[in-house]
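# Commentary on secondary and tertiary structure
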Amino acid sequence: QSSVTVFGVVDLAVQHLRGDGHLTRLESGALNGSRFGFKGQEDLGGGLAASFHLEAGINADTGRGRPNSINNVVETPGDFISFNRRSTVGLIGRFGEVRAGRDYTPVADNHTDFDVFGNSGNADSSLLTQALAIGLVAGRGVRTDVRASNAVVYVLPPDLGGFWGYGMYAIGENNNEPLPGFRGRDGGHRGARLGWEGAGLNVALAYGKSILASQDNLENVHLGGTYTWNDLQFFGQLSRERTTIDGVRHTNDAGALGLRYTIGVQAIKAQVVTSRIKRAGMESLGATAYALGYEYNLSLRTALYGAVVYVHNNARGTFDLGVPVAPGSSASGVQAGMRHSF
Amino acid sequence: QSSVTVFGVVDLAVQHLRGDGHLTRLESGALNGSRFGFKGQEDLGGGLAASFHLEAGINADTGRGRPNSINNVVETPGDFISFNRRSTVGLIGRFGEVRAGRDYTPVADNHTDFDVFGNSGNADSSLLTQALAIGLVAGRGVRTDVRASNAVVYVLPPDLGGFWGYGMYAIGENNNEPLPGFRGRDGGHRGARLGWEGAGLNVALAYGKSILASQDNLENVHLGGTYTWNDLQFFGQLSRERTTIDGVRHTNDAGALGLRYTIGVQAIKAQVVTSRIKRAGMESLGATAYALGYEYNLSLRTALYGAVVYVHNNARGTFDLGVPVAPGSSASGVQAGMRHSF
Amino acid sequence: QSSVTVFGVVDLAVQHLRGDGHLTRLESGALNGSRFGFKGQEDLGGGLAASFHLEAGINADTGRGRPNSINNVVETPGDFISFNRRSTVGLIGRFGEVRAGRDYTPVADNHTDFDVFGNSGNADSSLLTQALAIGLVAGRGVRTDVRASNAVVYVLPPDLGGFWGYGMYAIGENNNEPLPGFRGRDGGHRGARLGWEGAGLNVALAYGKSILASQDNLENVHLGGTYTWNDLQFFGQLSRERTTIDGVRHTNDAGALGLRYTIGVQAIKAQVVTSRIKRAGMESLGATAYALGYEYNLSLRTALYGAVVYVHNNARGTFDLGVPVAPGSSASGVQAGMRHSF
């Protein structure tokens, strides 16, 4: 009578990272985020189905979980196991799918799907393309940079002539006492993503707005795509983030180009990402990152992999890979690991 | 060789709650508590069986767990995943069942089984019937209001002419240093429940005593029953809670009447709950709550549901549904959601 | 497509412990540590296989997890569920096995495998044989006494003429700012274990070094073995721990002798453990513990069990079983419980 799939990923890599110092560490999820979960779908007849999905991120190097946010504003301290990656129940029909709970934001999915490294490991392009959301500038990111709690998601049905898309409305449950200068319900998130797939092409435009009482709302527009031609797959991203921190308007314009070349069970990956963050009345900062990766797939579930990354900061840039750098210094990283899915 | 059932519930509802203000939120477990767990039973031959049950409550709106108590006195901060709902191992035989671990208290089960809303969501009658245990008065509840850690449970065998029952002895492990005025082992709980089922009737009497060093022990006597007549099921509850807080004797006399009308895959539910809390030398406080609910069962595992609730406080009453109210003000709530079991 | 085994143990016992006072409690894992987990192995062809193992310890008396350490130096507060027992991914081939993540240290495995009580419950010999690592002296133990995070493990292949073994290199990830007097990478662990099995004998030598910035590294050499002769199994251990705490050299020389007598589904276990901790310029302290145990195996998965333990402290010894004792006082414990594996 029970109907559940237990699934997961255990992915561990040794990383050597350089900045103004250096660090060797065992890191979890450098190819795909380590996780475990439970999911299932029930056919209800008449074209209807119910689905659920519970997915917990883990730090496989220590056996612990990943930080999470209950109210989309404050990150809970510690890295305790929770279904922080996804926790949803939904109904699927001819109308598409409606689901509720904690889920990925549409704009974060756009960043991930069009990054040749899938936004994992030291070659993750979102370091630059989501610099404001992650909080790499002035330490003021948002908790809805990747996922949102208290969300309702609507997904378009398949077979719309190649078009696909979904939207999210996440409730800000922190609104009992509006603050002065309050710009909406603190902790809310609104997002949508619309794509078209066909003829080897998959392109999508996404938008996300994270609503904050403590600063101006953070908005992100992202356009991404892949084009597959035989064993070659091309990746492209254009992203603009905007927010106002302590009265200073910040705009992050970033882009990335990537390539995946598949040779049988092997794959070579390359990517260039660049970002320039304009700050009203202050000097811009930015960086360009160059990454080269390799995968050897022992099976559909198991891969050995490696990557090298070099981050070139401009005069004000302080982007690092885990070891802090002074403005303008460069950072680099090497990783080699193994990923197993179950 | 492995012999385990993975099971759970994901239940999410949108609630709109009114008190002296209002709040819209996504809430977990408004029909049945969201959870996941592992359970199993092993036939040992000769009428013996071993069983285990691990069940973790989750807040499906955020992916996190539910607060828990290690020593039955202090609630652990944060809502981290633990097998807070149940964590037991037991032996079943002709003598009945003996099990140990963390489990539901007998008196809490009586409250739940004879509430037409199963003590879930905004129409939960235990808001009034367990007001002292939950801590709605003077903020002084007990951690053993629903479950107890460090417990041993004995369950009567089946086939006793319709009689059924069980008892719990939970150890208070905080007794190394007896406090002045100490009334037993702090954190202990004693409870029992005896019922009779037959001829469409199921009635049970339950008693629970939570032992506290910080205040007088909290006692609860509860009588409940259901009577099923064709598509109609009637629910009734009578409850008395007693404790002394800061030298003031508190007695909560409460009762509820409910009805469930099943129409094919649909069900209509109605319930009235009333409570009056007498306080020695002070004015009484109390409230009456009116609730109406609806279920549409898409399958045995999946339901869509809704409910409306209105709480009428008496002059001193401050019962609310999530948005605080001034004494004598009323509260109300609406919810609509989906529950899926796996 | 999913390929995972869900497994676990729920083990609970009632313990009555005596020291300078007494305590009755429900205790988890008195025969085998309570746990749940996910594990699996994938055949990759050509003699290769991938494996993963996620295992979370639980306190079945409360439903919660067990403390853990992220950086091998500081224990995370609280007992939240994490895969604290093991969290690894590995590759198995003719060369043996290489795996990474959080795992048991080789020297801790030696202590466990050659303790007739498997280092569980009140008769656990590691109380004395690992007194310095556990922190029973001067409250200065190590977090890598049983397991280490951020580890790489290499296991010898089978069929080496009865020889078997493995080694661990756990990274100390706390090394960004070397401290004065720093003796290596804080939180690192190095360990190895080499054994030989044949002719009813299984003997192994193990070594472990936990690297600490706050005090001298802690080293442990352990020699252990079992000899099986019909229904009798003999256990022996010799252990030396060494560290320097606040400038005082500490050396713990300990040993144990145990016996397991199997009579059909029953087993009788007996063990004597003795420890003497020399402290440069201070008086030695130590104790001898006598334990007698019994198991009744209802099946391969389910057992009822009991044990009695008596700890005789020497003049300075303060070893206890959960209830503190003054120097030279004795401690004792009785337990009776049930273990079920799934």
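Residues numbered from 1 in each chain as written. Chains lettered and ligands numbered in written order. Predicted model: local features only at pLDDT ≥ 70, side-chain atom pairs only at ≥ 80, totals over all residues. Heavy atoms only, no water.

### Focus: the environment of Glu173(A)
Note the following rule: Counting from the N terminus, the helices are DSSP H or I runs at least four residues long and the strands are E runs at least two residues long. Partly exposed describes any residue whose relative accessible area lies between the buried limit of under 20% and the exposed limit of over 50%, with all areas from a 1.4 Å probe on protein chains only and scaled to the type maximum. Residues count as neighbours in contact if any of their non-hydrogen atoms are within 4.5 Å of one another.
Considering the arrangement of structural elements, one finds Glu173(A) in the loop between strand S9 (163–170) and strand S10 (189–198). Among the residues examined, Glu173(A) registers a relative accessible area of 22% and is labelled partly exposed. Counting along the chain gives 100 residues from Glu173(A) to Val73(A), while the straight-line C-alpha distance between them is 9.6 Å. When sequence neighbours within four positions are dropped, the list of residues in contact with Glu173(A) reads Asn150(A), Asp186(A), Leu23(B), Thr24(B), Arg25(B) and Leu26(B).

### As for helix H1 (residues 106–113) of chain A
For H1(A), a buried count of six out of eight residues is recorded, marking the element as mostly surrounded by other parts of the structure. Every buried residue of H1(A) is accounted for by Pro106(A), Val107(A), Ala108(A), Asp109(A), Asn110(A) and His111(A).

### Details of the relation of the copies chain C and chain A
Basically, it comes down to this: To line up the copies, we fit them by least squares on C-alpha atoms, keeping just the residues with pLDDT of at least 70 in both.
Its rotation angle being 120°, the transformation that places chain C on chain A also includes 0.0 Å of axial translation and leaves an RMSD of 0.0 Å. As the rotation angle and translation indicate, the two copies are arranged about a three-fold axis. Looking at chain C, a mere 11% of its interface residues are interface residues in chain A too, so the copies touch through different faces.

### Focus on the interface of chain A and chain B
A common way to express how large an interface is: the accessible area buried when the components associate. Our working rule: By definition, the buried area sums, over both parts, the 1.4 Å-probe accessible area that each loses when the two are put together. The rule for a salt bridge is simple: a side-chain nitrogen of Lys or Arg has to be within 4 Å of a carboxyl oxygen of Asp or Glu.
Every contact between the two is made by 35 residues of chain A and, on the other side, 29 residues of chain B. Across the chain A/chain B interface, buried area totals approximately 2800 Å², and carbon plus sulfur atoms make up 69% of it. Interface area lost by chain A to chain B is led by Glu42(A), Phe83(A) and Val89(A), which between them contribute 18%. Taken together, chain A and chain B are joined by zero salt bridges.

### Quick word on the nonpolar core
Test applied: Here, the term nonpolar core denotes a set of buried Ala, Val, Leu, Ile, Met, Phe, Trp, Tyr and Cys residues that are joined through side-chain atoms within 4.5 Å.
One finds Phe36(A), Phe38(A), Phe36(B), Phe38(B), Phe36(C) and Phe38(C) to be the most contacted residues of the largest nonpolar core, which totals 64 residues. When residues no more than four places from it in sequence are discounted, the contact partners of Phe36(B) are Phe38(A), Phe83(A), Phe7(B), Gly8(B), Leu54(B), Glu55(B), Ala56(B), Ile58(B), Ile81(B), Phe83(B) and Phe342(B).

### With respect to the interface of chain C and chain A
Filter applied, for reference: We call two N or O atoms a polar contact when they sit within 3.5 Å, provided that within protein one can donate a hydrogen and the other can accept it, with sequence-adjacent residues counted only if both atoms are side-chain atoms.
Contacts between the two partners involve 35 residues from chain C, matched on the other side by 29 residues from chain A. Buried area between chain C and chain A, summed over both chains or domains, comes out near 2800 Å², and the portion from carbon and sulfur atoms is 69%. Three residues stand out in chain C for area buried against chain A, namely Glu42(C), Phe83(C) and Val89(C), and they jointly supply 18% of the buried area on that side. On the surface where chain C and chain A come into contact, there are zero salt bridges. Summed over the shared surface of chain C and chain A, the result is seven residue pairs in polar contact (both at pLDDT 80 or more). Among the elements of the structure, strand S3 (35–45), strand S4 (48–59), strand S6 (86–93), strand S7 (96–104) and strand S8 (147–155) of chain C are those that each provide at least two residues to the side of chain C that touches chain A.

### Overview of the relation of the copies chain A and chain B
The transformation that overlays chain A on chain B combines an axial shift of 0.0 Å with a rotation of 120°, and the residual RMSD is 0.0 Å. Little of the interface of chain A is mirrored in chain B, where only 11% of its interface residues again form contacts.

### Some details on the pairing of strand S8 (residues 147–155) of chain B
Residues and elements named next belong to chain B. The condition that has to hold: Between any two strands, pairing holds if DSSP finds at least two bridges.
The element S8 is extensively covered by neighbouring structure, given that seven of its nine residues are classed as buried. Alignment of strand S7 (residues 96–104) against S8, held across seven bridges, turns out to be antiparallel. Note on S8: the bridge partner recorded for Val98 is Tyr154. Of the pairings in the sheet, the one linking S8 to strand S9 (residues 163–170) comprises five bridges and is antiparallel in character. Considered in S9, the bridge of Tyr154 is made with Gly167.

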